[in-house]
Amino acid sequence: MPSSFKILSILFFIVLNSFVVAAKEASELFYTLRTKVLSVKDFTADVKMKIDINNMRIPLLKGTLYFKSPDKMRMERNGGLSILPKKNINLTLGNLIPTGNVMVIDVGYDTLAGKRVHIIKAVPEDELSNIVLTKIWIDETNLLAMRTETTTRNDGTVKMNLEFANYIKYALPDKVTIFLDVKDFKLPKGVTVDYNVNATPDTNAKTGKQKLQKGTIQISYLKYAINTGLGDELFAKGKEE
Amino acid sequence: MIQLLKIELYKIFKRPRTYISFGLITAITFLIQLAMLTDGKGFLGFVMQGINEQFDIQGHILNGYLVTYIILQSLLVQIPLLVALVAGDALAGEANLGTLRLLLTMPISRAKIVLMKFLSSFIYTVLLILWLALVALFLSLLLFGTGDMVNMKSDAFIMILKDDIMWRYFMAFAFAVLAMTTIASLSLFLSAFADNSIGPIMATMGVVVVLTILSNLEIPLFNIIRPYLFTTHMVGWKGFFDDPVPFAAIGRSALVMAFYTIGFLTATIVYFNKKDIKS
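Now for a description of the structure that goes with this document. (Residues numbered from 1 in each chain as written. Chains lettered and ligands numbered in written order. Predicted model: local features only at pLDDT ≥ 70, side-chain atom pairs only at ≥ 80, totals over all residues. Heavy atoms only, no water.)

A short note on the overall build of chain A
Condition: Helical segments are the DSSP runs of H or I of at least four residues, strand segments are the runs of E of at least two, and each set is numbered from the N terminus. Here's how the labels work: a residue is buried when its accessible area is under 20% of the maximum for its type, exposed when over 50%, partly exposed in between, all with a 1.4 Å probe on protein chains only. By definition in these notes, contact holds between two residues if any of their heavy atoms fall within 4.5 Å. Note on areas: Shrake-Rupley, 1.4 Å probe, and residue coverage restricted to the protein chains presented here.
Within chain A, the secondary structure is distributed over five helices and 12 strands. In chain A, which comprises 241 residues, the share counted as buried stands at 44%. Across chain A, contacts joining residues at least 24 apart in sequence account for 55% of those joining residues at least 6 apart. Just so you have it, chain A exposes about 13,000 Å², and 54% of that area is on carbon and sulfur atoms.

So, the interface of chain B and chain A
Note: interface size is frequently given as the accessible area lost on complex formation between the parts. For clarity, the cut-off: Using a 1.4 Å probe, buried area is obtained as the accessible area two parts lose upon being combined, added over both of them. Every case where a carboxyl oxygen of Asp or Glu lies within 4 Å of a side-chain nitrogen of Lys or Arg is listed as a salt bridge. Whenever a nitrogen or oxygen atom comes within 3.5 Å of another N or O atom, the pair is scored as a polar contact, on the condition that within protein one atom can donate a hydrogen and the other can accept it, and that pairs from neighbouring residues in sequence are kept only if both atoms are in side chains. In short, DSSP must find at least two bridges between two strands for them to pair.
Contact residues are listed per partner, giving 48 residues for chain B and 40 residues for chain A. Of the roughly 4,400 Å² buried at the junction of chain B and chain A (both faces included), carbon and sulfur atoms supply 55%. Between chain B and chain A we count two salt bridges in total. In this structure, the salt-bridge partner of Arg77 of chain A is Asp148 of chain B, at a minimum N-O distance of 2.7 Å. Run the count over chain B and chain A and you get eight residue pairs in polar contact (both at pLDDT 80 or more). In this structure, strand E2 (residues 56-57) of chain A lies alongside strand E3 (residues 157-160) of chain B, joined through two bridges in parallel fashion. Opposite Met56 of chain A, over in E3 of chain B, you have Phe157 of chain B as the bridge partner.

Re the environment of Ser109 of chain B
As for its position among the elements, Ser109 of chain B is in the loop between helix H7 (100-104) and helix H8 (110-144). Residues Ser109 of chain B and Ala95 of chain B, spaced 14 residues apart in sequence, show a C-alpha to C-alpha distance of 17 Å.

Here's the deal with the packing of helix H2 (residues 16-47) of chain B against H8 of chain B
Residue and element names in this part refer to chain B. Filter applied, for reference: Interaxial angle, 0 to 180 degrees, is taken between N-to-C directions of lines fitted to C-alpha atoms, where a helix line uses only the stretch in contact. Comment on the angle field: the value is read as roughly parallel under 35 degrees, roughly antiparallel over 145, roughly perpendicular from 65 to 115, and oblique elsewhere. In this scheme the crossing of two helices becomes right-handed for a clockwise turn of the near helix relative to the far one and left-handed for an anticlockwise turn of less than a right angle.
Two elements in contact, H2 and H8, have axes whose closest approach is 10 Å; the angle formed by their N-to-C orientations is 20°. The pairing of H2 with H8 is recorded here as roughly parallel in orientation. Between H2 and H8 lies a crossing of right-handed hand. Where H2 approaches H8, its residues Thr18, Ser21, Phe22, Ile25, Thr26, Thr29, Phe30, Gln33, Met36 and Leu37 are matched on the opposing element by Tyr124, Leu127, Leu128, Trp131, Leu132, Val135, Ala136, Leu139, Ser140, Leu143 and Phe144.

Quick word on the nonpolar core
Threshold: What is meant by a nonpolar core is a set of buried Ala, Val, Leu, Ile, Met, Phe, Trp, Tyr and Cys residues, joined one to another through side-chain atoms within 4.5 Å.
The biggest cluster of nonpolar side chains holds 133 residues, and the ones touching the most others in it are Phe43 and Tyr221 of chain A together with Met48, Ile51, Phe157, Tyr169 and Phe241 of chain B. A total of 13 residues in this core trace back to one element, the largest contributor, which is helix H9 (residues 166-191) of chain B. When neighbours within four sequence positions are excluded, Phe241 of chain B is seen to be in contact with Tyr69, Met149, Asn151, Ile158, Ile160, Arg168, Tyr169 and Ala172 of chain B. If you look at the next biggest cluster of nonpolar residues, it comprises 19 residues, including Leu5, Leu9, Leu104 and Ile269 of chain B.

Section: helix H1 (residues 2-14) of chain B
Residue and element names in this part refer to chain B. Selection rule: To estimate how far a helix should reach, multiply one less than its number of residues by 1.5 Å. Taking the helix axis as origin, the arc is that swept by the directions to the C-beta atoms.
Compared with the 18 Å implied by 1.5 Å per residue over 13 residues, the 18 Å span of H1 between its first and last C-alpha is a close match. Leu4, Leu5, Glu8, Leu9, Lys11 and Ile12 are the residues of H1 that are buried. Projection of H1 onto a plane perpendicular to its axis shows the buried side chains occupying an angular sector of 155°, all on one side. Exposed side of H1, more than 90 degrees from the buried face: Ile2, Gln3, Lys6, Tyr10 and Lys14 are the residues found there. Turning to H1, the residues buried within the fold contact H2, helix H5 (78-87), helix H6 (92-97), H7 and H8.

Quick word on the pattern of salt bridges
Residues and elements named next belong to chain B. One pass over the full model with this rule turns up 14 salt bridges over all chains. With a closest N to O distance of 3.2 Å, Glu8 and Lys11 form a salt bridge. You can see Glu8 and its partner Lys11 sitting in helix H1, three residues apart, about one turn around the helix. Both residues of the pair, Glu8 and Lys11, count as buried. In this structure, Asp242 engages Lys153 in a salt bridge whose closest nitrogen and oxygen atoms are separated by 2.8 Å. Here Asp242, found in the loop between helix H12 (230-234) and helix H13 (247-274), pairs with Lys153, found in the loop between strand E2 (149-152) and E3; they are 89 residues apart in sequence, far enough to count as distant. Of the two residues, Asp242 and Lys153, neither departs from the other in class, the shared state being buried. Among the charged side chains, a salt-bridge network with shared partners connects Glu8, Lys11, Glu94 and Lys117.

A word on the packing of H9 of chain B against H13 of chain B
Packed helix pairs are characterised by how far apart their axes lie and by the angle those axes make with each other. Residue and element names in this part refer to chain B. Where we set the bar: Residues are sorted three ways: Asp, Glu, Lys and Arg are charged, Ala, Val, Leu, Ile, Met, Phe, Trp, Tyr, Cys and Pro are nonpolar, and all the rest, Gly among them, are polar.
One way to put it is that H9 packs onto H13 with a least axis distance of 8 Å and a crossing angle of 25°. Taken as axis vectors, H9 and H13 run roughly parallel relative to one another. Seen along the crossing, H9 lies across H13 with a hand that is left-handed. Facing H9, whose interface residues are Trp167, Phe175, Leu178, Ala179, Thr181, Thr182, Ser185, Leu186, Leu188 and Phe189, H13 presents Phe247, Ile250, Ser253, Ala254, Met257, Tyr260, Thr261, Phe264, Leu265, Ala267 and Thr268. A per-class count over the contact of H9 with H13 returns 15 nonpolar, six polar and no charged.

Side note on the packing of aromatic side chains
Any pair of aromatic rings gets described here by the distance separating the centres and the angle formed by the planes. Under the convention used in this document: A pair of Phe, Tyr and Trp rings is counted when the ring centres sit within 6.5 Å of each other, with Trp represented by its six-membered ring. The angle between the planes then sorts it: under 30 degrees is stacked, over 60 is edge-to-face, the rest tilted.
Going through the model one piece at a time under the given rule, you end up with 26 aromatic pairs over all chains. Relative to Tyr224 of chain A, the ring of Tyr167 of chain A lies with its centre 4.7 Å away and its plane at 75°, an arrangement referred to as edge-to-face. With Tyr167 of chain A in the loop between strand E10 (157-163) and strand E11 (175-183) and Tyr224 of chain A in strand E12 (residues 212-226), the pair connects residues that are 57 residues apart, well separated along the chain. The exposure classification of Tyr167 of chain A matches that of Tyr224 of chain A, with both residues buried. Considering the side-chain rings of Tyr260 of chain B and Phe264 of chain B, the 5.8 Å spacing of their centres and the 35° angle between planes classify their relative orientation as tilted. Of the two residues, Tyr260 of chain B and Phe264 of chain B are both situated in helix H13; the distance of four residues between them amounts to about one turn of the helix.

Here we look at a nonpolar patch on the surface
Put simply, the rule reads: What makes a patch is a set of residues exposed beyond 30% relative accessible area and free of salt bridges, joined within 9 Å when like-charged and within 5 Å when nonpolar (Val, Leu, Ile, Met, Phe, Trp, Tyr).
A cluster of nonpolar side chains, contributed by Val209, Ile213, Leu217, Ile219 and Leu221 of chain B, occupies part of the molecular surface with about 420 Å² of accessible area. Relative to the helices and strands, Ile219 of chain B is located in the loop between helix H10 (198-216) and helix H11 (220-223).

With respect to the environment of Ala194 of chain B
Residues and elements named next belong to chain B. For Ala194, the location among the structural elements is in the loop between H9 and H10. Put simply, Ala194 and Met106 are 88 residues apart on the chain and 21 Å apart in space, counted from C-alpha to C-alpha. Those residues in contact with Ala194 that lie beyond four places of it in its chain are Ala92, Ala95, Pro200 and Lys275.

Okay, here's the thing in structure tokens:
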């Protein structure tokens, strides 16, 4: 009996230790990744943006995307219009990873795009942070976040898939797909006088309900110029004239 | 025939009231452009409220292309009246002045007279739309510049790149000519029944207003007749600003209006041929 107790105690200690080690590993992994991601203070990138949202018909937009850490982002299109989701969080990885002290939970391993990825959850200790929880799928070999799922206090959940090729050193993606929820919008038909020969009465318009539409934004980054020291004034101009 | 057409055009353009139409279009266009210059942002803020809540749109939204679209939308009701002012007067005006009998003493068939009246009204309509294109599109581009265009439908947001817009306006103005030609033929038809021009002009506007209400009222009862009303198809020019452009629907709308135009013109000829001219 005493020997069985000993064995159980040892097993319990091993299991507990493995959890502690795993948590420590996950925590180290998170902080190392965050350091790598935050090493990019600013960038300028030639981009192609494809917005695919049910009630929005927008052609493929080509332009230049400017980013300055922590949260400034602007797209410029040679005098053309640019459209970016109006979220408190912007669409860079650096902004979807919690800052400050973070509690890291090891979720385990999975396979993503043929690669073995380590999944962790990061919960910021700062209760005022807009980010409530971020789940990150990490390629440990290259130290890259392949997918993130960030739950925010004010902006719902933002999912992001990232593909890397040329800028692995900076953890900057070549292609990002963002999945987001967009509220349906309606304008009175008396105002717009739509051309729709086969129009039928819209029940949603009558009930005034706003449906949520699923949408994706796909950004292809063609060329980066990293840490060139972009000024704040660049982000102040370019608002709607 | 050409001589008769020249006479008809001379009759139209010698009247000062013909130029009222051109003046009105210019005045309304200026007023809308002025309003957009002073408070365009406020107007856009209201129209794009649903989009602005969720998206940050940067760039020159209030450009000449968008202002032209707003002008065309605002002139939907007025232009038929301006067309009716001339086409409604074509036969009834002659009857009122007592010159119709004199006109019919010429060795030309009544059908040809009606056709020349229609053709001169058509030329006036084309000139009116060309003038609208000049003051609305080109002046707006001069005042507000170019840029990508946004088009707000009741349930969709459409963005068109600036290099892809101009052809849409050319097609839209061509479509507007067709739509207004239908109004001209209706007005000419009503003109054949009257002995003064006020009646056909008012009757044309009455028909347009009532049918436009029926076209836009979202009541299931009217769903059956809506596709057959020419007023439903008159806004077909807007289809060119959709993405993708509904060419099949626009083609159907053009056919419906061509059908109405031919129908009204044929009915006018038939009635005018049998009409007992007393003045």
